[in-house]
Amino acid sequence: MAEKIDRQEVKHVADLAKLSFDDAALDKITPQLEEIIDLFTDLQKVDTDGVEPMYSPTTEHSVLREDKGVRSGQRDELLANAPETHDGLIKVPAIIDESEDGE
């Protein structure tokens, strides 16, 4: 079992995280955090020699569809919803104006 943590340590960490707990919450959280730390202590004891690192617990590949544009034939309807258009495109305000005249 890991070294016990006390309410003061929990309160200190909570203060660092800009969290505040009343006494009842501290009494509840402290043993929960002790259990979590004990779990990590148990995991450190597991022999992982020869175990290949992995980035996913499954061998499944992405089930998402390929991101591909599809012609919908709805251009005019979509442009009708835009507040302002120009030459068949949606016109948006400039975020960075590098022109000398400010337009």
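Residues numbered from 1 in each chain as written. Predicted model: local features only at pLDDT ≥ 70, side-chain atom pairs only at ≥ 80, totals over all residues. Heavy atoms only, no water.

Visitor: Just give me the short version of a nonpolar patch on the surface, but keep the residues and values in it.
Guide: Together, Leu33, Ile36, Phe40, Leu43 and Val46 make up a nonpolar patch on the protein surface, roughly 470 Å² of accessible area in all. Here Ile36 lies in helix α2 (residues 23–44). Owing to a relative accessible area of 42%, Ile36 belongs among the partly exposed residues under this scheme. (Patch = residues over 30% accessible without salt bridge, like charges linked within 9 Å, V, L, I, M, F, W, Y side chains within 5 Å. Areas by Shrake-Rupley, 256 points an atom, 1.4 Å probe, with all protein chains shown as cover. Salt bridge = Lys/Arg side-chain N within 4 Å of Asp/Glu carboxyl O. Helix = DSSP H or I, 4+ residues; strand = E, 2+ residues; numbered from the N terminus. Buried < 20%, exposed > 50% of the residue type's maximum accessible area, 1.4 Å probe, protein only.)

Visitor: Can you explain the pattern of salt bridges? Please cite residues and give values.
Guide: Under the counting rule described, the total for this entry stands at five salt bridges. For Lys4, the salt bridge identified is with Glu34, shortest N-O distance 3.4 Å. Taken together, the residues span a long stretch of sequence, with Lys4 in the segment before α1 (7–16) and Glu34 in helix α2 at a distance of 30 residues. Owing to a relative accessible area of 18%, Glu34 belongs among the buried residues under this scheme. Here Asp23 and Arg7 are joined by a salt bridge, their closest N and O atoms 3.1 Å apart.

Visitor: Summarise α2; cite the residues concerned and give the values.
Guide: Compared with an ideal rise of 1.5 Å per residue, which puts 22 residues at 32 Å, α2 spans 32 Å between its outermost C-alpha atoms and is within 8% of the ideal. Every buried residue of α2 is listed here: Leu26, Ile29, Thr30, Glu34, Asp38 and Thr41. Structurally, α2 contributes buried residues whose contacts are with α1. (Expected span 1.5 Å × (residues − 1). Contact = heavy atoms within 4.5 Å.)

Visitor: Go over the packing of α1 against α2, please, and point to the residues and values.
Guide: The N-to-C vectors of α1 and α2 enclose an angle of 100°; their axes lie 9 Å apart at closest approach. By the angle class used here, α1 and α2 are roughly perpendicular. Seen from α1, the contacting residues are Arg7, Val10 and Lys11; seen from α2, they are Asp23, Leu26, Asp27, Ile29, Thr30 and Leu33. Along the lines of polarity and charge, the residues of the contact of α1 with α2 split into four nonpolar, one polar and four charged. (Axes fitted to C-alpha atoms, helices over the stretch in contact; angles between N-to-C directions. Parallel < 35°, antiparallel > 145°, perpendicular 65-115°, else oblique. Nonpolar A, V, L, I, M, F, W, Y, C, P; charged D, E, K, R; others polar.)

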